[in-house]
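One letter stands for each residue in the lines below.
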Amino acid sequence: MTPAALADLVRSTAVDVLVARGLDTAALPATVTVERPRHPEHGDYATNLALQSAKKLGVNPRELAGWLAEALSSREGIASAEVAGPGFLNLRLAADAQGQVVRDILVRGADYGRGDRYAGLKVNLEFVSANPTGPIHLGGTRWAAVGDALGRVLTAEGAEVTREYYFNDAGAQIDRFVRSLVAAAKGEPIPEDGYGGAYIADIAAEVLRREPNALDLPAEQRDETFRQVGVGLMFAQIKRSLHEFGTDFDIYFHEDSLHKSGAVEQAVEELKKHNHLYLADGAWWLRSTEFGDDKDRVVIKSDGSPAYIAGDIAYLRNKRERGFDLCIYMLGADHHGYIARLKAVAAAFDDDPNVVEVLIGQMVNLLKDGKPVRMSKRAGTVVTMEDLVDAIGVDAARYALIRSSVDSALDIDLDVWTRRTNDNPVFYVQYAHARLSSLLRHATDLGIPTEVAPENVDFGLLTHDREGDLIRTLGEFPRVVAGSAELREPHRIARYLEELASAYHKFYDSCRVLPQGDEPATPLTTARLQLCAAARQVLANGLGLLGVSAPERM
RNA sequence: GCGCUCGUAGCUCAAUGGAUAGAGCACUUGACUACGGAUCAAGAGGUUGCAGGUUCGAGUCCUGCCGAGCGCGCCA
């Protein structure tokens, strides 16, 4: 029995009990929560249903729990139901009913864990969106990992996800980038407000290789050449880094295109028409304070050029016109001031501010020998994605970035993540998968079938405590995926995988799977092998949601 | 000054208002003629920054204070 099925059973039983006593079933919550208690003596599962509903019914919680316990005890698949504490209901499942989870997993295979919470929802996921003036920094790298994982998690819940990178190729920072390239090409020092780092010289040299006469052109054409070729090269490098990191985008959206197509102008006109803009000091301001922002924002500067937010305004408009129901932005902590602004923009278009959801990721620091790593070898300024990948590899980098909540600033100790021991969480989880793969290979070598029709497996034989723990942990996976999607928190998947790996290793330590010596395979062998196959499947599915490999051998 | 995020074991971090706040590391002590010991078991480690409040129940929600990071531009 899956937790979801158990929750349904508890609720329908509760309905029966209330009806029989002439009480109002409306007092019951729509969905009953069935949790795995922290302490094993509190049963396999526990529900607080009686505590939640007692007040509305005007009944003592323990008394209500007692009625439910009595009714549940006689239900199919329930081994016991007891009242505990202030009115908790502690449940134990019969082994064969519980073991059906293994069967479900094997039947659903790679689909196990998927749900339909967001079926049909069109989601735009915008992340990284780093300026094309240099390599991706650690903050962007965090989003490359977390954003991609969130995309996978939302997809698993049925959402139609578009990953999008907003390529900020208009404005002053590109001009600074171009001036830096030109200076490097001439062999002159980089301007004060320019970009340093070895990559500037590399790109400048490559521009010259492609356009040998670039420096001889009139200043305007020269700059245009460096701009086009240089930005193109920088952007290709960013895309390549992301691809090697396992993160690919569906759309690379150019800010420039919004200006060139007239979309910015059009959006601004519309806001003017609805009197959401006003003229002051020669500039056009958005009345964003009317929509919850803490100050009004300049949209068109007094020199007539659009401010940065003008692009955002047109871009959000564009996303909604493309039919996205939900637009998620993933930004660094230094951009948290955007939340109110973006929601105000949505509101100004008479749209629901809730279609805009902004996730803020806190800073990432690297530690080496216990000390912060500040300098990049290549960028000359801050640490880049390549630096991290060079140091610990893609799998460890993604995992390390994903496993913590983005709300917390994160320290990554490079020494830990290069270790091949179980204080390195990614190895601990991957090792469990490799160990299971090895075990299943070994079974095949012994001529023991690893794929068996469910009706030929007696799941009721899986009665060991460690087997029960492992099965119940496997049964949690769909709820973990759903929670991860709902809360936009992929780190829950990683934490769950660590728990699952631990449950598996404990099981493995206590429960011999394969026969020894000349012993024959028994029905228990078969049941345990199915459990192993299910565990391997869930580990693979979970790692897949993180974009981390599930190795057969390590 | 205002705003956002955070403050949990020596360290890195978990915990969707639930019961005795959990993992890993580090420390102490054990388990390999057994399917991968890259594992497992046991011990020790806490006033969840402080003070109030909300309720059957608060690390979690509310208020105030203390501390840290990051913002508060006609930059992008």
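In this text, all values refer to a predicted model and were calculated from it rather than measured experimentally.

Colleague: Could you clarify how one ought to interpret the overall build of chain A in this entry?
Modeller: The helix and strand tally for chain A stands at 19 helices and 15 strands. Seen through its C-alpha atoms, chain A measures out along the principal axes to roughly 85 × 65 × 40 Å. Relative to its full complement of 554 residues, chain A shows a buried share of 51%. Of the contacts formed within chain A by residues at least 6 apart in sequence, a portion of 69% connects residues at least 24 apart.

Colleague: Teacher, can you tell me more about the UniProt feature "domain: Arginyl tRNA synthetase N-terminal" (unreviewed entry) in chain A here?
Modeller: UniProt's entry tags residues 4–93 with the feature "domain: Arginyl tRNA synthetase N-terminal" (unreviewed entry), counted in the numbering of this structure. For residues 4–93, the end-to-end C-alpha separation is 13 Å, with 43% helix and 20% strand making up the annotated structure.

Colleague: Even after reading the chapter, I still don't get the sheet that holds strand 10 (residues 297–300), so can you show me in this structure?
Modeller: Sheet strands line up and pair through hydrogen bonds in the backbone, either parallel or antiparallel. Reading across the sheet, the three strands line up as 8-9-10 and stay open at both edges, with antiparallel pairing between neighbours. Two strands in the sheet have a free side with no partner beyond their single neighbour: strand 8 (277–280) and strand 10. With strand direction ignored, the average angle separating the axes of adjacent strands in the sheet is 45°. Bridge count for strand 8 against strand 9 (residues 283–286) is four bridges, and the pairing is antiparallel.

Colleague: How should the confidence of the model for chain A be read in this particular structure?
Modeller: The predicted coordinates of low-pLDDT regions are not to be read in fine detail. Averaged over all residues, the pLDDT of chain A is 92; the fraction at 70 or higher stands at 99%. When pLDDT is averaged over each element of chain A, strand 5 (residues 122–126) comes out on top at 98 and strand 14 (residues 371–373) at the bottom at 81.

Colleague: How do you make sense of the pattern of salt bridges when you look at a structure like this?
Modeller: Two side chains bearing opposite charge may form a pair once their charged atoms approach each other closely. A complete count under the given rule lists 29 salt bridges for this structure. Between arginine 297 and aspartate 294 there is a salt bridge, with its nearest N and O atoms 3.1 Å apart. Assessed through its relative accessible area of 64%, aspartate 294 is described here as exposed. Put simply, glutamate 476 and arginine 479 hold a salt bridge, and the shortest N to O gap is 2.9 Å. Of this pair, glutamate 476 and arginine 479 are both found in helix 17 (residues 465–487), three residues apart, which corresponds to roughly one turn of the helix. For glutamate 476, a relative accessible area of 13% corresponds to the buried category. Judged by relative accessible area, arginine 479 falls into the partly exposed class, the value being 32%. Beyond isolated ion pairs, a larger network of salt bridges with shared partners links Asp148, Arg152, Arg163 and Arg398.

Colleague: Would you mind going over the side chain of aspartate 44 with me for this structure?
Modeller: Note that aspartate 44 resides in the loop between strand 1 (34–35) and strand 2 (45–47). One polar contact links aspartate 44 to arginine 472, side chain to side chain, over a distance of 3.2 Å. Excluding anything up to four places from it in sequence, aspartate 44 contacts Glu35, Arg36, Pro37, Leu91, Arg92, Leu93, Gln98 and Arg472.

Colleague: Explanation requested: empty space enclosed by the protein in the structure shown.
Modeller: One pass over the structure, following the stated rule, counts one cavity of 30 Å³ or more. Space inside the largest cavity adds up to approximately 30 Å³. Every residue along the wall of the largest cavity is listed here: Leu316, Arg317, Arg320, Ala346, Phe349 and Asp351. Looking at the lining of the largest cavity element by element, the count peaks at three residues for helix 11 (residues 308–321). Of the residues in the lining of the largest cavity, the class split is three nonpolar, no polar and three charged.

Colleague: Please clarify how helix 19 (residues 523–546) should be interpreted in this entry.
Modeller: Taking 1.5 Å per residue, 24 residues should reach 34 Å; helix 19 reaches 35 Å between its end C-alpha atoms and fits that length. Counting buried residues in helix 19 gives 18 out of 24 residues, a clear majority hidden from the surface. Positioned one or two residues after helix 19, glycine 547 has a phi angle of 75°, which is positive.

Thresholds, definitions, all that
- Residues numbered from 1 in each chain as written.
- Chains lettered and ligands numbered in written order.
- Predicted model: local features only at pLDDT ≥ 70, side-chain atom pairs only at ≥ 80, totals over all residues.
- Heavy atoms only, no water.
- Helix = DSSP H or I, 4+ residues; strand = E, 2+ residues; numbered from the N terminus.
- Buried < 20%, exposed > 50% of the residue type's maximum accessible area, 1.4 Å probe, protein only.
- Contact = heavy atoms within 4.5 Å.
- UniProt positions renumbered as here; feature names shortened; annotations may be inferred.
- Pairing = 2+ DSSP bridges.
- Axes fitted to C-alpha atoms, helices over the stretch in contact; angles between N-to-C directions.
- pLDDT = per-residue confidence, 0-100.
- Salt bridge = Lys/Arg side-chain N within 4 Å of Asp/Glu carboxyl O.
- Polar contact = N/O pair within 3.5 Å; in protein donor to acceptor, adjacent residues only side chain to side chain.
- 1 Å grid on protein atoms, 1.4 Å probe; cavity = no way out; pocket = protein on both sides within 12 Å on 5 of 7 lines; lining within 4 Å.
- Points joined across faces, edges and corners; volume = space filled by probe spheres on them.
- Nonpolar A, V, L, I, M, F, W, Y, C, P; charged D, E, K, R; others polar.
- Expected span 1.5 Å × (residues − 1).

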